[in-house]
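Given next are the chains, with one letter for each unit.
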Amino acid sequence: MTYKFIDLFAGIGGFRLGFEKAGFNCVFSSEIDIHAREMYLANFQEKPDGDIRKINHKNIPNFDVLLAGFPCQPFSIAGEKKGFNDIRGTLFFEIAKIIEYHQPKVIVLENVKHFKNHDNGKTLITVLNTLNNLGYTTSWTLLNAKDFGVPQNRERTIIIGCLEQIQFDFDKLETKPQKKLKDILENEHEKLEYLQEDEYTLIENPKQQLSGLIFAGYRNKNIRKKGTRPNTEHLSRVHKQPNRIYSSEGTHPTLSSQESSGRYYIYHNGKVRKLTLRECYRLMGFPDSFKLIGSSSKLYNRVGNSIVIPMVEEIAQQVKKQLLEKNFDSPTPLFKPRQMSLFDFNLFVS
Ligand SMILES: C[S@@+](CC[C@H](N)C(=O)[O-])C[C@H]1O[C@@H](n2cnc3c(N)ncnc32)[C@H](O)[C@@H]1O
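Cut-offs used in this document
- Residues numbered from 1 in each chain as written.
- Predicted model: local features only at pLDDT ≥ 70, side-chain atom pairs only at ≥ 80, totals over all residues.
- Heavy atoms only, no water.
- UniProt positions renumbered as here; feature names shortened; annotations may be inferred.
- Helix = DSSP H or I, 4+ residues; strand = E, 2+ residues; numbered from the N terminus.
- Buried < 20%, exposed > 50% of the residue type's maximum accessible area, 1.4 Å probe, protein only.
- Contact = heavy atoms within 4.5 Å.
- Lys, Arg positive; Asp, Glu negative; His and termini not counted.
- Salt bridge = Lys/Arg side-chain N within 4 Å of Asp/Glu carboxyl O.
- pLDDT = per-residue confidence, 0-100.
- Axes fitted to C-alpha atoms, helices over the stretch in contact; angles between N-to-C directions.
- Parallel < 35°, antiparallel > 145°, perpendicular 65-115°, else oblique.
- Left-handed = near helix turned anticlockwise from the far one by under 90°.
- Nonpolar A, V, L, I, M, F, W, Y, C, P; charged D, E, K, R; others polar.

The name given to the protein chain in an unreviewed UniProt entry is Cytosine-specific methyltransferase, and the organism recorded there is Cyanobacterium aponinum. The record in UniProt for the protein chain states the following under Sequence similarities (unreviewed entry): "Belongs to the class I-like SAM-binding methyltransferase superfamily. C5-methyltransferase family." The UniProt entry for the protein chain carries the following text under Catalytic activity (unreviewed entry): "a 2'-deoxycytidine in DNA + S-adenosyl-L-methionine = a 5-methyl-2'-deoxycytidine in DNA + S-adenosyl-L-homocysteine + H(+)".

And the structure:
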């Protein structure tokens, strides 16, 4: 049975790849960024619709699962349980309107690790309240990419809602043995960017942290060593992230959407070099067949914004098993007729 999904805030399609690998079929996508849309077109032969605020919900075909890795914004009167007035004017409001109109069986939302702390926890509570008010049973957790066979320490908040009264059980997700950064590196080639020995300092006896990272040294740039004991520099905040060097025997830190120069340095086979763009995409689980289009700065931003594909694929498999196959008899037909909604009458406007 093939279930249908829509890919909102689609970026370059990380969510889509994971769900497609699990056998789902994408029927609609939306993304505002021109570069991301071009990459999406090159890789999925489909140009996403643009700004979600301009989409007419009636033109979205029916679907079973709504996917959205949406930008985190504060809600004006978050947590005050005033229904849709809590979220009006935000991008999450746009998601809620689509949910309200189409009533998909399942919703999967993704956000940054600190989403749960955003606005003192009110943002998360408001999202959960909204989904509950729309009839969804919700559960949420933090997942780490490194538990799904990708050597990146990347924690993300995942929220899952189900229209039937079933709570998604995150404990049933199957984890994979941990990989090391060296397992995903490219073979030697002439374009690898090595640092000269006088450009970096290695620390003695580097130790693996709980996160799996092994801080191996730092670039000799903008280092404020004053007041720091030798070999404890990495414990203090004297090193900005782009100056840090991590060993290929451990995991890699989170790729960031803010890092457009790709300053990710690794210590591998006795030398220090930059990760290649392809290696960054591998760190998110993208296959080498995935087409990288446009300037490298945009490609670095995009990869840091995306989602880890093997983690998504496992979520998709469990969504199917736990929420779809057991409790709904058939996939939703295209353009299922629906009843009028409160949104149609603007009853939520105060
Ligand atoms: C965290 S990223 C999601 C990335 C995606 N999961 C991927 O695999 O690349 C959020 C995305 O929302 C997009 N976005 C922001 N505002 C939007 C809007 N009004 N309409 C549609 N997309 C929007 C951004 O351009 C960005 O690509």
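Asks: Please clarify how unusual backbone geometry should be interpreted in this entry.
Replies: Negative phi characterises most residues that are not glycine, and trans characterises most peptide bonds. The phi dihedral of Asp 119 falls on the positive side, at around 50 degrees, and the residue is not glycine. Structurally, Asp 119 is set in the loop between strand 4 (106-112) and helix 4 (122-133). Within the chain, Asn 205 stands out as a residue other than glycine whose phi angle is a positive 45 degrees. With respect to the helices, strands and loops of the structure, Asn 205 is situated in the loop between strand 8 (200-202) and strand 9 (215-219). According to the relative accessible area criterion, Asn 205 is exposed, its value standing at 61%.

Asks: I keep staring at the UniProt feature "active site" (unreviewed entry) in the protein chain and nothing clicks. Help me out?
Replies: In the numbering used here, UniProt assigns the feature "active site" (unreviewed entry) to Cys 72. With respect to the helices and strands, Cys 72 occurs in the loop between strand 3 (65-68) and helix 3 (91-102). Other than its neighbours up to four places away in sequence, Cys 72 contacts Asn 111, Phe 115 and His 118.

Asks: How should I be thinking about the side chain of Glu 314 in this particular structure?
Replies: With respect to the helices and strands, the residue Glu 314 is situated in helix 7 (residues 309-324). Buried charge without a partner: Glu 314 forms no salt bridge, and the closest opposite charge is Lys 176, 6.0 Å away. Those residues in contact with Glu 314, other than ones at most four positions away along the chain, are Phe 148, Lys 172, Leu 173 and Glu 174.

Asks: Help me out: how do you make sense of the confidence of the model for the protein chain in this one?
Replies: In low-pLDDT regions, the fine details of the predicted coordinates are not to be read closely. Per-residue confidence for the protein chain gives a mean pLDDT of 88; residues scoring 70 or more make up 84%. The model gives residues 333-350 a pLDDT under 50, and that stretch makes 27 contacts with residues more than four places away or in other chains.

Asks: So what exactly am I meant to see when it comes to the packing of helix 3 against helix 4 here?
Replies: The packing of two helices is summarised by the inter-axis angle and the distance between the axes. At a minimum axis separation of 11 Å, helix 3 and helix 4 run at an interaxial angle of 15 degrees. Relative to helix 4, the element helix 3 is oriented roughly parallel. The chirality of how helix 3 crosses helix 4 is right-handed. Each of Phe 92, Ala 96 and Ile 99 in helix 3 lies in contact with helix 4, whose residues at this interface are Val 127, Thr 130 and Leu 131. By residue class, the composition of the contact of helix 3 with helix 4 is five nonpolar, one polar and no charged.

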